[in-house]
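# An overview of the molecular structure
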Amino acid sequence: MEKDYGKYFAPSLKEARKRIKTEIEKIRFTFPEHLHQFGKGKKYLIKTYGCQGNEADSEKMAGILQKLGFTETDKEEEADLILLNTCAIRENAENRVFGELGRLKNLKTHNPDLLLGVCGCMPQEERVFNLIKEKYPYIDLVFGTHNIHKLGEYLYDAYLNKEKVAEVFSEEGKIVEGIPTKRAHDRKAWVNIMYGCDEFCTYCIVPYTRGRERSRNPEDILNEVRELAEQGYQEVTLLGQNVNAYGKDLERDYSFADLLNDLRGIPIPRVRFTTSHPHDLDDATIYALGRGGNLMPHLHLPVQSGSDRILKKMNRKYTAAEYLEKIRKLREHVPGISITTDIIVGFPGETEEDFQATLDLLRKAEFEGAFTFIFSPREGTPAAKYQDDLDPAVKKERLLTLNELVNEGYLRGNKRFEGKIVKVLVDGPSDKDPGLLTGYTEHNKLVNFPGSKDLIGKIVDVKIEKAYTWHLRGIVGGTHS
Ligand code: 5AD
Ligand code: SF4
């Protein structure tokens with residue numbers, strides 16, 4: 001029998017587009033007594049799609065579930081609850097999730113008590129929310145990016161009241177501190193420093209799915225990192241859609257550079273961050289990185305295109321020359337820094353000349369890696385309405401040409417470490433060859449090397465013997481020259 005909705009609140013694109021500069025509400029997570037241990041004996045499985053922001057959110061959902069008494073499983077057949085934490089950035093990310101939803105329906109015929117939930121960025125879209133409601137009526141739980149702290153309540157309704165829950169808010173979002181977190185890794189941690197995005201690049205769905213830009217208080221971030229350091233964590237990655245805008249919404253004068261400078265004083269060996277926006281990357285941040293210490297010499301700085309005409313249509317607020325000047329300055333103040341980027345090809349109206357300008361920028365910028373994408377129209381964004389008459393085969397061709405150049409950059413970036421001794425934070429056995437250990441250098445290069453499992457979780461010196469396109473090969477030890 002079809003269940004009725006208990007809680008029901010639908011998203012609205014119109015609301016999601018709004019930016020009203022009211023004060024951001026900051027609240028502390030509380031755990032209602034009646035929810036205590038009601039998940040005892042039940043098992044959960046969370047499938048995470050998309051960016052590190054989603055990975056961090058999944059860790060919070062896992063934290064809440066553990067508090068409720070649930071235990072984790074990696075087997076679909078034994079799960080009582082399966083949550084898909086979804087990504088809306090491109091159409092293929094969404095198609096994968098719809099495929100999964102179709103497949104998981106079968107699981108429900110074998111186990112009618114199984115609860116299926118969809119959360120994250122996809123339900124934030126009006127179109128997807130309605131599609132789930134109409135075409136996937138067997139989904140028990142639908143919620144968005146602004147209300148993961150209410151997961152306990154939703155499950156209570158779903159299990160005890162046997163109701164369906166679909167609650168997605170498009171309001172600008174608050175900041176909820178103190179959500180329990182079950183971290184996936186015991187040496188590397190994600191630390192959200194801000195949520196949302198106000199940039200409104202014309203191709204991007206994120207400002208609509210993640211809401212208004214809002215920063216956590218510096219004390220909350222610094223305390224979290226201090227605690228992680230005390231627990232033996234070796235690395236934190238600060239997360240935000242545009243970390244360089246950190247602090248703009250705070251009532252005091254405190255910027256991303258101030259945060260980096262304060263973090264340098266905390267005894268955590270490695271601090272990374274993602275993602276940066278070139279327009280907001282200021283000199284103070286470049287100087288902060290230049291002071292080194294635990295701030296790692298790697299920057300992911302998405303350029304998106306090398307054509308000023310396309311950059312303008314994308315609403316990126318910089319020219320190719322301004323971008324190149326920022327990275328010149330970075331290299332001047334942070335010698336040896338490794339710079340990676342994101343690039344979109346086939347943006348509506350991209351001509352051969354525009355594409356050549358992207359290749360030209362790539363040659364000048366000397367990136368050591370890049371994520372490359374074909375433009376994917378996202379409903380509700382301005383670019384989805386731009387005229388796009390470029391042949392898909394040409395877009396694919398451009399992507400292949402671009403990737404060849406990108407791969408040269410990966411190899412060049414790795415080659416510069418041949419014969420050098422680098423510091424590697426050891427993650428564990430390599431997936432491809434369990435006889436080898438694997439980890440990342442300060443410059444964020446992947447290294448494989450033989451070694452004892454005792455090294456896992458530690459930072460060790462590795463001498464690089466050979467560079468390949470996708471990794472470095474080395475041996476433990478050696479002395480610094
Ligand atoms: N189509 C293709 N790529 C996109 N990105 C964001 N939106 C789109 C889109 N509609 C890419 C950008 C961004 C990265 C996270 O995803 O390059 O930096
Ligand atoms: Fe999307 Fe642009 Fe915001 Fe990045 S900065 S999340 S690309 S709108």
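Our subject is the structure that appears above.
The following paragraphs examine the structure supplied in this document. (Residues numbered from 1 in each chain as written. Chains lettered and ligands numbered in written order. Predicted model: local features only at pLDDT ≥ 70, side-chain atom pairs only at ≥ 80, totals over all residues. Heavy atoms only, no water.)

Looking now at the pattern of salt bridges. Per the counting criterion, the structure on display carries 40 salt bridges. A salt bridge links lysine 7 to glutamate 153; the shortest N-O distance between them is 3.4 Å. Residue lysine 7 is located in strand β1 (residues 5-9), and its partner glutamate 153 is located in helix α5 (residues 151-160); the two are separated by 146 residues in the primary sequence. One salt bridge in this structure joins arginine 216 and glutamate 177, with 2.9 Å as the shortest N-O distance. Taken together, the positions of arginine 216 in the loop between β12 (214-215) and α7 (218-230) and glutamate 177 in strand β9 (residues 175-177) put the pair 39 residues apart, joining distant regions of the chain. (Salt bridge = Lys/Arg side-chain N within 4 Å of Asp/Glu carboxyl O. Helix = DSSP H or I, 4+ residues; strand = E, 2+ residues; numbered from the N terminus.)

Turning next to α5. Of all ten residues that make up α5, seven are buried, and the element is covered over most of its length. Residues of α5 that are buried: Leu151, Gly152, Tyr154, Leu155, Asp157, Ala158 and Tyr159. Lysine 162 sits one or two positions beyond α5 and adopts a positive phi of about 50 degrees. (Buried < 20%, exposed > 50% of the residue type's maximum accessible area, 1.4 Å probe, protein only.)

A few words now on the sheet that holds β1. Spatially, seven strands are ordered β1-β8-β7-β6-β5-β3-β4 in an open sheet, and the strand pairing comes out parallel. Two strands lie at the open edges of the sheet, namely β1 and β4 (71-72), each paired on one side alone. Where strand β3 (residues 43-48) meets strand β5 (residues 81-86), five bridges bridge the pair, whose relative direction is parallel. By the bridge assignment for β5, isoleucine 46 is matched with leucine 83. Relative to β3, helix α2 (residues 52-67) is tilted by about 175 degrees, and along the sheet it contacts β3, β4, β5, β6 (115-120) and β7 (141-143). Sheet contacts for helix α4 (residues 126-135): β1, β6, β7 and β8 (164-167); angle to β1, the most-contacted strand, approximately 160 degrees. (Pairing = 2+ DSSP bridges. Contact = heavy atoms within 4.5 Å. Axes fitted to C-alpha atoms, helices over the stretch in contact; angles between N-to-C directions.)

One open sheet holds the three strands; their spatial order is β15-β16-β17, and the pairing between them is parallel. Looking at the sheet topology across the chains shown, the edges are occupied by β15 (298-300) and β17 (370-374). When the angles between neighbouring strand axes are averaged without regard to direction, this sheet yields 10 degrees. Inspection of the sheet shows β15 paired to strand β16 (residues 338-345) by three bridges, in the parallel sense. Across the sheet, the residue bridging to histidine 300 is threonine 340, located in β16. Strand contacts of helix α11 (residues 320-333): β15 and β16, with the helix running at about 165 degrees to β16, the strand carrying the most contacts.

Turning to the site of ligand 1, a few remarks are in order. Around ligand 1 sit Ile89, Arg90, Tyr203, Gln304, Asp342, Ile344, Phe373, Ile374, Phe375, Ser376 and Arg378, and those are all the residues in its vicinity. Here arginine 90 contributes a side-chain N or O atom positioned 2.9 Å from an oxygen atom of ligand 1. For ligand 1, an oxygen atom lies 2.7 Å from a polar atom in the side chain of aspartate 342. Compared with its free state, where it exposes 400 Å², ligand 1 has 86% of that area covered by protein. At the level of elements, β16 and β17 are the ones that each hand at least two residues to the shell around ligand 1. Considered class by class, the residues forming the shell around ligand 1 number six nonpolar, two polar and three charged. (Near = heavy atom within 4 Å. Polar contact = N/O pair within 3.5 Å; in protein donor to acceptor, adjacent residues only side chain to side chain. Areas by Shrake-Rupley, 256 points an atom, 1.4 Å probe, with all protein chains shown as cover. Nonpolar A, V, L, I, M, F, W, Y, C, P; charged D, E, K, R; others polar.)

Okay, the side chain of arginine 216 next. A relative accessible area of 5% means that arginine 216 is categorised as buried. A distance of 2.9 Å separates a polar atom in the side chain of arginine 216 from the backbone oxygen of asparagine 192. Within the structure, arginine 216 has its side chain in polar contact with the side chain of glutamate 224 (distance 2.8 Å). With near-sequence residues (within four places) excluded, arginine 216 lies in contact with Lys26, Ile175, Glu177, Val191, Asn192, Ile193, Met194, Tyr195, Ile221, Glu224, Tyr246 and Leu250.

Across soluble globular proteins, nonpolar side chains have a tendency to be buried as a group. Ranked by internal contacts, the top residues of the largest apolar core, which has 55 residues, are Leu238, Leu259 and Leu330. When near neighbours in sequence (up to four residues on either side) are disregarded, leucine 259 contacts Ile193, Ile221, Leu222, Leu238, Tyr246 and Tyr254. Listed in part, the 28 residues of the second largest apolar core include Leu104, Leu114, Val118 and Ile205. (Core = buried A, V, L, I, M, F, W, Y, C linked by side-chain atoms within 4.5 Å.)

Compared with the 20 Å implied by 1.5 Å per residue over 14 residues, the 20 Å span of α11 between its first and last C-alpha is a close match. Residues of α11 that are buried include every one of Ala320, Tyr323, Ile327 and Leu330, and no others. One side of α11 carries all its buried residues, which in axial view fall inside an arc of 85 degrees. Structurally, α11 contributes buried residues whose contacts are with α9 (283-290), β15, α10 (308-313), β16 and α12 (352-365). (Expected span 1.5 Å × (residues − 1). Arc of directions from axis to C-beta.)

The alternating pattern of β8 places Lys164 and Ala166 on one face and Val165 and Glu167 on the opposite face, and all of these are buried. Where β1 meets β8, three bridges bridge the pair, whose relative direction is parallel. Within β8, the residue paired with phenylalanine 9 across the bridge is glutamate 167. The pairing of β7 with β8 spans three bridges and is classified as parallel. From the neighbouring strand, valine 142 faces β8, where its bridge partner is alanine 166. Traced from β7 through α5 to β8, the parallel crossover comes out left-handed. (Right-handed = clockwise from strand over helix to strand, strands pointing away.)

Turning our eyes to something else, we now look at the environment of isoleucine 456. Note on placement: isoleucine 456 falls in the loop between β20 (446-449) and β21 (459-467). Accessibility expressed as a relative area gives 32% for isoleucine 456, which makes it partly exposed. When the C-alpha positions of isoleucine 456 and leucine 13 are compared, they lie 46 Å apart, and in sequence the two are 443 residues distant.

Okay, the site of ligand 2 next. Lining the immediate environment of ligand 2, one finds Cys197, Glu199, Phe200, Cys201, Tyr203, Cys204, Val206, Pro207, Gln241, His277 and Arg316. Of the residues in the shell around ligand 2, the class split is seven nonpolar, two polar and two charged.

This brings us to the side chain of serine 215. Within the secondary structure, serine 215 is located in strand β12. Accessibility expressed as a relative area gives 0% for serine 215, which makes it buried. Within the structure, the side chain of serine 215 is placed 3.0 Å from the backbone nitrogen of glycine 247, a separation counted as a polar contact. Polar contacts involving the side chain of serine 215 include one to the side chain of aspartate 249, which spans 2.5 Å. The contacts of serine 215, once residues within four sequence positions are left out, are Lys26, Ile175, Ile193, Met194, Tyr246, Gly247, Lys248, Asp249 and Leu250.

This is a description of form; function is not addressed.
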